Amino acid sequence: MESALDLAGQPVKRGTMAHKHIVYMMLADAAAQLRDSAALAKYTPLLEELAEQDGHQAYLAVAHRAWGVAHRLVGEFAAAEERLQQALNIFEEREAQWQVGRTLVELAELALAEDDEVGARNHYARALDAFELLGAKPEVERTRTALDLLTAASST
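Overview of the structure. Bear in mind that the values here come from a model prediction, so they are computed numbers and not experimental data.

Rules used throughout
Residues numbered from 1 in each chain as written. Predicted model: local features only at pLDDT ≥ 70, side-chain atom pairs only at ≥ 80, totals over all residues. Heavy atoms only, no water. Helix = DSSP H or I, 4+ residues; strand = E, 2+ residues; numbered from the N terminus. Buried < 20%, exposed > 50% of the residue type's maximum accessible area, 1.4 Å probe, protein only. Contact = heavy atoms within 4.5 Å. Areas by Shrake-Rupley, 256 points an atom, 1.4 Å probe, with all protein chains shown as cover. 1 Å grid on protein atoms, 1.4 Å probe; cavity = no way out; pocket = protein on both sides within 12 Å on 5 of 7 lines; lining within 4 Å. Points joined across faces, edges and corners; volume = space filled by probe spheres on them. Nonpolar A, V, L, I, M, F, W, Y, C, P; charged D, E, K, R; others polar.

Each helix and strand in the protein was counted, giving seven helices and zero strands. Along the protein, helices and strands appear, N-terminal first, in the series α-α-α-α-α-α-α. Relative to its 156 residues, the protein shows a buried fraction of 41%. In the protein, the proportion of contacts linking residues at least 24 apart, taken out of those at least 6 apart, comes to 47%. Accessible surface, the protein: about 8700 Å² in total, of which carbon and sulfur atoms supply 52%.

The next thing to look at is the layout of surface pockets. Roughly 300 Å³ of volume is contained in the largest pocket. Arg 102, Val 105, Glu 106, Glu 139 and Arg 142 are, among the 13 residues lining the largest pocket, the residues nearest its centre. When contributions to the lining of the largest pocket are tallied by element, the ones reaching two or more residues are α5 (97-113), α6 (117-134) and α7 (137-154). Grouping the amino acids of the lining of the largest pocket by side-chain chemistry returns five nonpolar, two polar and six charged.

That's the geometry; what it means functionally is another story.
Next comes the structure, spelled out in structure tokens:
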């Protein structure tokens, strides 16, 4: 992905060339999913700056979620919650259910880091609803498994 940053932009013969904010969004989002602190620190500020500059709310929400993950990884739980909630608010306003579900999963992971099983269960259940609404089977399965494991762990 990084090599795409060095490519010339428009014009192209067919379609469009990915702009920097798209590439940074993909890199920051991948870093969040991989829990890669170094990549989060590198790409999230770049994404956030471009998203704010362009007024691109969806990419700004991805940046907020990436920052939320980054803060959680270093134990800054209040900052993580603030960023994840900002992301969730934007995605909910846009009715972006898949992104809502992904952000709720991150909020569940944060709740688990804070030893809040009730909160985690609540966020996972809401994420499951969002994914089921879309028929997003892989996400439904992952979220249901996480919810089932949490429920099984709390009953032992």
